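# Residue-level structural notes
The residues making up each chain are set out below.
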Amino acid sequence: MKDIISSHSISPAKVIRGTKAWNKGKKFIPAICKQPILIGRSSSTFNIRRSLKADLLKLGLKVISAEINYDCCELDINRLQLLAKNNNNEINAFHNVCSHRCLKLVDEKKNVGKTIRCPYHFWTYDLEGKLKAAPHIGGTNQHKPKGFNFSDHGLKVINIHIWHDWIFINLNGKAKKFEEYAKPLIKKFKDIDFKKLKYTATLDFGKINTNWKFLIENFIEPYHVQFVHKTTTNQPLRDHYTIVDGICYGSGVDVKKEDSKNSSALSVSSKYLSLFPNFIIATYYPNQVGVYLNIPIDANTTSQKRIIYTVGGKEMSKEEIDITKKIWWSVHKEDHEICERLQEGRYSPASNEGGLLSPYWEEGVRAFQKLIIQATTKSSKLTKGKTNV
C-alpha cells in the first residue's frame, strides 16, 4: 500500500482579496492561457436562430433570414475576447478592443450585421477583423491619409480550433497543434463516432459559489461517488478505475449489471475525462456524451453549464430527455453542495497546509494540481519584474 500523499502545497482555491489578489491573478493568467481553453459551443448561435425562427413562425410572422446570418458574441474568459461568425458560417476570434484607443467593442451577444463598429470614433471592422473605416483619421474628410495602412490596424486575432461541436482558443498563439495537444484525450474516444454527435439539451446551473478547480477535481475522482451520490447513482466504487495520461486525467466505471432504463439513478458504464486546463467530457453507455463548460467568475465563483448529446444516430424522446435532465440535475446539485463546502473550508487557517490525497483514487486530482503548479510557477517567472503601466 502506498503512503497517503500530502496535497498541502496545492491549496487550489485559497481566498485572497484586494491588491494582493489582483497582482497574483495577473501572474496566473498568461500561463493558463498558453493551453487551448474551451470557450463554448460552435452551434449555440445556430440553435438560438432556429428557436427564434420557430417562434416567429408560430406568431405568423415572416422570417427574414438575412437578419440572422451574422453572429457576434462576447466570450466569458475575461470579457475582452469576442467570437464573430460571418456569412460563410466561419467562426473567427479576436481581442474585443478597438485598434484605435483599445475601447471594448462588443458588450453583449448581438447581431452586428456585416461589420463591427467602435462607438467611440466609428472605426469599423469586417467579420474577418479587417479595418474597413477610420473616419477623419488624417483630419477633416481625410479618411485614408498617406502612410496609414489599414491592413496593419485590424482586430488582433486569437487562435481557435473547432473540434466537433466545441471551440478552443489559445490567447498567446504558442500552443501546439490541437490534434497533438489533445492526443491523450482523443485516443480514448476511438470507439465513438463524433460525426454523428447530436445536441440534445443544456443544463444551465448558473453561478456556483466555488473555485473552478474544485469542480474539475470533483469530476475526475471516483472516490466520492458512493458517498455523495448514494441515491442518484448505482455505480459501486469497486467497479471504478482512475485514468492519468499526461494532460488528460479522470476516471471510469465498468458496471457489471447495467440498467440503462433506470429513471432515478445512473446505472451504466461511464468515463469521466478532463483535458488541461478546463475541458470536461464524459461518455455514458451506450450512446450519451456530456460536455461541461466551467467559466471562472472570480476566485470564489464559477458559472457552469452541461451540454447533453447523443451519438451513433440515437434519437431521444421528450420523455427520455426529461428523465436524463432530471437525473443529471440531481447529481450535479449534490456535487455543487460539496464543492461549495470545499470553498468554505479554505477560509479556515487549518487549510493553509491543505489536506491529503488517496494514492489510489485521487491520482487524477494530484496530476491536475501538479499541472496548475507548473503553469503558475512558470508564469510567475515569466512575469517577474513586469508591470502594467
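Given the structure is predicted, the values throughout are model-derived calculations rather than measurements. Per chain, the residues get numbers from 1 upward, laid out in the order the sequence is written. Since the coordinates come from a predicted model, pLDDT governs what is reported: local features require at least 70, and pairs of side-chain atoms require 80 or more to be given and counted, while whole-chain, interface and lining totals use all residues. Side-chain calculation: all heavy atoms of the structure are included, whereas hydrogens and water are not.

A fitted line through C-alpha atoms represents every axis, and for helices the fit uses only the stretch in contact; the resulting angles, taken between N-to-C directions, go from 0 to 180 degrees. Strands are runs of DSSP state E lasting at least two residues, helices are runs of H or I lasting at least four, and both sets are numbered from the N terminus onward. Running from amino to carboxyl end, helix H5 (residues 212–220) crosses helix H7 (residues 318–345) at an angle of 130 degrees, the nearest separation of the two axes being 10 Å. With respect to their mutual orientation, H5 and H7 come out oblique. H5 and H7 meet at a crossing whose hand is right-handed. Facing H5, whose interface residues are Phe214, Leu215 and Asn218, H7 presents Asp335, His336, Ile338, Cys339, Leu342 and Gln343. Each angle gets one of four labels, with under 35 degrees taken as roughly parallel, over 145 as roughly antiparallel, 65 to 115 as roughly perpendicular, and the rest as oblique. Should the near helix be turned anticlockwise from the far one by less than a right angle, the crossing is termed left-handed; should it be turned clockwise, right-handed. Every residue pair with non-hydrogen atoms within 4.5 Å of one another is taken to be in contact.

Here we take up the nonpolar core. Grouped together as the largest cluster of nonpolar side chains are 54 residues, with contacts concentrated most on Trp166, Leu185, Phe276, Phe279 and Ile281. Excluding residues that lie within four positions of it along the chain, Leu185 makes contacts with Trp163, Cys248, Leu273, Leu275, Phe279 and Ile281. Only buried residues count toward a nonpolar core, which is a set of Ala, Val, Leu, Ile, Met, Phe, Trp, Tyr and Cys residues joined through side-chain atoms within 4.5 Å. With a 1.4 Å probe rolled over the protein chains alone, any residue whose accessible area is under 20% of its type maximum counts as buried; one over 50% counts as exposed, and the rest are partly exposed. Val112, Cys118, Trp123 and Leu155 belong to the second-largest nonpolar core, a separate cluster that totals 16 residues.

Here we come to the environment of Pro135. Relative to the helices and strands, Pro135 is located in the loop between strand S8 (131–133) and strand S9 (159–163). Judged by its relative accessible area of 29%, Pro135 is partly exposed. For the pair formed by Pro135 and His121, sequence separation is 14 residues and the distance between their alpha carbons is 7.4 Å.

Once that is clear, we can look at the packing of aromatic side chains. Any two aromatic rings considered together are summarised by their centre-to-centre distance and by the angle between their planes. Aromatic contacts are taken between Phe, Tyr and Trp rings whose centres are within 6.5 Å, Trp giving its six-membered ring; a plane angle under 30 degrees counts as stacked, one over 60 as edge-to-face, and the others as tilted. This model, assessed by the stated rule, comprises 23 aromatic pairs. Look at Trp166 and Phe279: their rings are 5.8 Å apart centre to centre, the planes differ by 50 degrees, and that puts the pair in the tilted class. Residue Trp166 is found in strand S10 (residues 166–170), and its partner Phe279 is found in strand S15 (residues 279–284); the two are separated by 113 residues along the sequence. Its relative accessible area of 1% is what places Phe279 among the buried residues. Aromatic ring contacts, followed pair by pair, group Trp163, Trp166, Phe168, Phe178, Phe189, Phe194, Tyr199, Phe279 and Tyr309 into a single cluster.

Take the sheet that holds strand S14 (residues 270–275) next. Taken in spatial order, the seven strands of this open sheet run S11-S17-S16-S15-S14-S13-S12, and their pairing is antiparallel. Across the chains shown, the open sheet's two edge strands, defined by having one partner strand only, are strand S11 (198–208) and strand S12 (240–245). Taken pair by pair, the neighbouring strands of this sheet meet at an average axis angle of 15 degrees, ignoring direction. Strands are labelled as partners when DSSP assigns at least two bridges between them. Across five bridges, the pairing between S15 and strand S16 (residues 288–298) is antiparallel. By the bridge assignment, Ile280 is partnered in S16 with Tyr292.

Moving on, we come to H7. Helix span is expected to be 1.5 Å times the residue number reduced by one. Taking 1.5 Å as the rise per residue, H7 with 28 residues should run 40 Å; its terminal C-alpha atoms sit 40 Å apart, in good agreement. All of the buried residues along H7 are Ile321, Thr324, Ile327, Trp328, Val331, His332, Glu334, Asp335, His336, Cys339 and Gln343. In this fold, the buried residues of H7 make contact with S11, H5, helix H6 (225–228), S15, S16 and strand S17 (301–310).

Okay, unusual backbone geometry next. For the bond from Phe276 to Pro277, the omega torsion is 5 degrees, close enough to zero to count as cis. Structurally, the position occupied by Pro277 is in the loop between S14 and S15. In this structure, Cys102 takes a positive phi of about 65 degrees despite not being glycine. Mapped onto the secondary structure, Cys102 falls in the loop between strand S5 (91–95) and strand S6 (115–117). Note on Cys102: relative accessible area 56%, which makes it exposed.

A few words on the pairing of S9. Where S9 lies against S10, five bridges are found, and the strand directions are antiparallel. Each bridged residue has a counterpart across the sheet, and for Trp163 the counterpart in S10 is Trp166. Hairpin connection between S9 and S10: a loop of two residues separates the two successive antiparallel strands, and His164 in this loop has a positive phi of roughly 60 degrees.

This part is about the confidence of the model for the protein chain. For every residue, the predictor assigns a confidence score, pLDDT, that lies between 0 and 100. With 74% of its residues at a pLDDT of at least 70, the protein chain reaches an overall mean of 78. For the protein chain, the element scoring lowest by mean pLDDT is strand S1 (residues 5–6), at 36; S8 scores highest, at 96. Counting contacts from residues 1–34, a segment whose pLDDT is below 50, to residues more than four positions away or on other chains yields 69 contacts. Low pLDDT, under 50, characterises residues 61–74; the predicted model gives this stretch 45 contacts beyond four residues in sequence or across chains.

Right, let's get into the pairing of S16. In summary, the side chains of a regular strand alternate between the two faces of the sheet. Counting buried residues along S16, eight of its 11 residues qualify, which places the element largely inside the surrounding structure. Where S16 lies against S17, 10 bridges are found, and the strand directions are antiparallel. By the bridge assignment for S17, Val289 is matched with Tyr309. Linking S16 back to S17 in an antiparallel pair, the connection comprises two residues.

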